[in-house]
Amino acid sequence: MSLQGFSVHMKRFSLLTAFLLTATISIRAQQTAGDGGVTANRPGAVSLGIVVDNSGSYRTIFERVINSANSVINDLRDGDEAFLVTFVDTPKIALRQEFTANKSDLRDAVENMFVEGGQTAVLDAVMFAARYLSDQANRASGNSRVIVLITDGDERQSDATTEQVVAALKAAKIRVFVLGLYDERFYTKVIDRLVRETGGAKFVPKLPRDTPASVNSLLVSIREK
């Protein structure tokens, strides 16, 4: 074989080796993901707390509340995880579903929500969710941390102050996004502070028919920020 021919042969061999190495790495990565092993962080993945007002003021619009919560769940993607908290007053704050990537389990928990009477404790519910999110989120995932709060914003009787809740959210690097659903009135004072201080946003549909569009805007905003 001539020197030129040998050089061409070696170049082809190098290209073939590089191709096989790349293919092997790709296959191993797919196998790791399929086996439930540790995978690379997925851009835009979130650890999400869905916090839903179950107080009496939601009685007439509860079907819309349920549909909206399910829309948030349906938007979960590979690498995401979520949990569900419901609240009325402080004693009635409940973790309905622990962290999971299983949409069916989350939807079942949403369908089992029910309206109760009580003095609404928005701040205590957010504090509860923030602590759970901070303690239980998959730290190895690198996911962003988000709370989606569905409420009319009517804070009545929390033990925690706005300053305490904001401090906890900031310390845990949690952003708050609010879907403001209401029957008669949406209360902005507490909500505005939570979203402004954490880098989140609020979406308040003016009419019931605007709700799906508001939910979609909220979901897009979570991924963009």
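Residues numbered from 1 in each chain as written. Predicted model: local features only at pLDDT ≥ 70, side-chain atom pairs only at ≥ 80, totals over all residues. Heavy atoms only, no water.

Novice: Describe the packing of helix α2 (residues 62-74) against helix α3 (residues 103-111), with residues and values.
Specialist: Put simply, α2 and α3 touch, their axes get as near as 10 Å, and they point 170 degrees apart. Classified by the interaxial angle, the pair formed by α2 and α3 is roughly antiparallel. Taken together, the residues of α3 that come into contact with α2 (itself represented by Ile-66, Ala-69, Asn-70, Ile-73 and Asn-74) are Lys-103, Leu-106, Arg-107, Val-110 and Glu-111. (Axes fitted to C-alpha atoms, helices over the stretch in contact; angles between N-to-C directions. Helix = DSSP H or I, 4+ residues; strand = E, 2+ residues; numbered from the N terminus. Parallel < 35°, antiparallel > 145°, perpendicular 65-115°, else oblique. Contact = heavy atoms within 4.5 Å.)

Novice: Before we move on, can you summarise the pairing of strand β5 (residues 174-180) with the specific residues and values?
Specialist: Most of β5 sits out of view: 7 of its 7 residues are buried. Here β5 shows two buried faces, one formed by Ile-174, Val-176, Val-178 and Gly-180 and the other by Arg-175, Phe-177 and Leu-179. Where strand β4 (residues 144-151) meets β5, 7 bridges bridge the pair, whose relative direction is parallel. Pairing of Val-148 across the sheet is with Phe-177, part of β5. (Buried < 20%, exposed > 50% of the residue type's maximum accessible area, 1.4 Å probe, protein only. Pairing = 2+ DSSP bridges.)

Novice: Quick rundown of the side chain of Ser-47? Include the residues and the values.
Specialist: Note on placement: Ser-47 falls in strand β1 (residues 46-53). A residue is classified by how much of its surface remains accessible, and Ser-47, at 1% relative accessible area, is buried.

Novice: Break down the pattern of salt bridges for me, with residues and values.
Specialist: Inspection of every chain in the model, using the stated rule, returns 8 salt bridges. Ionic pairing is found between Arg-223 and Asp-80, a salt bridge with its closest N-O pair at 2.6 Å. Taken together, the positions of Arg-223 in helix α7 (residues 211-224) and Asp-80 in the loop between α2 and β2 (81-87) put the pair 143 residues apart, joining distant regions of the chain. Residue class for Asp-80 comes out buried when judged on its relative accessible area of 5%. Each of the salt bridges in this network shares a partner with another, and the network as a whole consists of Asp-75, Arg-77, Asp-80 and Arg-223. (Salt bridge = Lys/Arg side-chain N within 4 Å of Asp/Glu carboxyl O.)

Novice: Pulling in residues and values, what's your account of the sheet that holds β2?
Specialist: Taken in spatial order, the 6 strands of this open sheet run β3-β2-β1-β4-β5-β6, and their pairing is mixed. Lying at the two open borders of the sheet, with one neighbouring strand each, are β3 (94-100) and β6 (201-203). Each adjacent strand pair in this sheet contributes to an overall mean axis angle of 15 degrees, direction not counted. Two elements, β1 and β2, share 7 bridges in a ladder whose sense is parallel.

Novice: Break down the pairing of β4 for me, with residues and values.
Specialist: Burial within β4 is extensive, with 7 of its 8 residues counted as buried. Sheet analysis places β1 next to β4, joined by 7 bridges and oriented parallel. Its bridge partner being in β4, Val-51 is matched across the sheet by Leu-149.

Novice: Any details on the nonpolar core? Residues and values, ideally.
Specialist: Grouped together as the largest cluster of nonpolar side chains are 32 residues, with contacts concentrated most on Leu-48, Val-65, Val-148, Ile-150 and Leu-218. The greatest single-element share of this core, amounting to 6 residues, is contributed by α2. With near-sequence residues (within four places) excluded, Ile-150 lies in contact with Val-51, Val-52, Asp-53, Tyr-58, Val-65, Ala-69, Leu-179 and Leu-181. Listed in part, the 31 residues of the second largest apolar core include Phe-87, Leu-133, Ala-137 and Ile-147. (Core = buried A, V, L, I, M, F, W, Y, C linked by side-chain atoms within 4.5 Å.)

Novice: Hey, could you go over the environment of Val-190 for me, with residue numbers and the actual values?
Specialist: Residue position: Val-190 is located in helix α6 (residues 189-198). Taking relative accessible area as the criterion, Val-190 reaches 11% and is therefore assigned buried. Sequence separation of Val-190 and Asp-154 is 36 residues, and the distance between their C-alpha atoms is 8.4 Å. For Val-190, the residues in contact, after removing those within four places along its chain, are Leu-123, Glu-155 and Thr-162.

Novice: Hey, could you go over α7 for me, with residue numbers and the actual values?
Specialist: Given a rise of 1.5 Å per residue, 14 residues ought to cover 20 Å, and the 20 Å separating the end C-alpha atoms of α7 matches this to within 8%. Within the sequence span of α7, burial applies to Thr-211, Ser-214, Val-215, Leu-218, Leu-219, Ser-221 and Ile-222. One face of α7 carries all of its buried residues, which in axial projection span an arc of 160 degrees. Where α7 is buried, its residues touch β1, α2, β4, β5 and β6. (Expected span 1.5 Å × (residues − 1). Arc of directions from axis to C-beta.)

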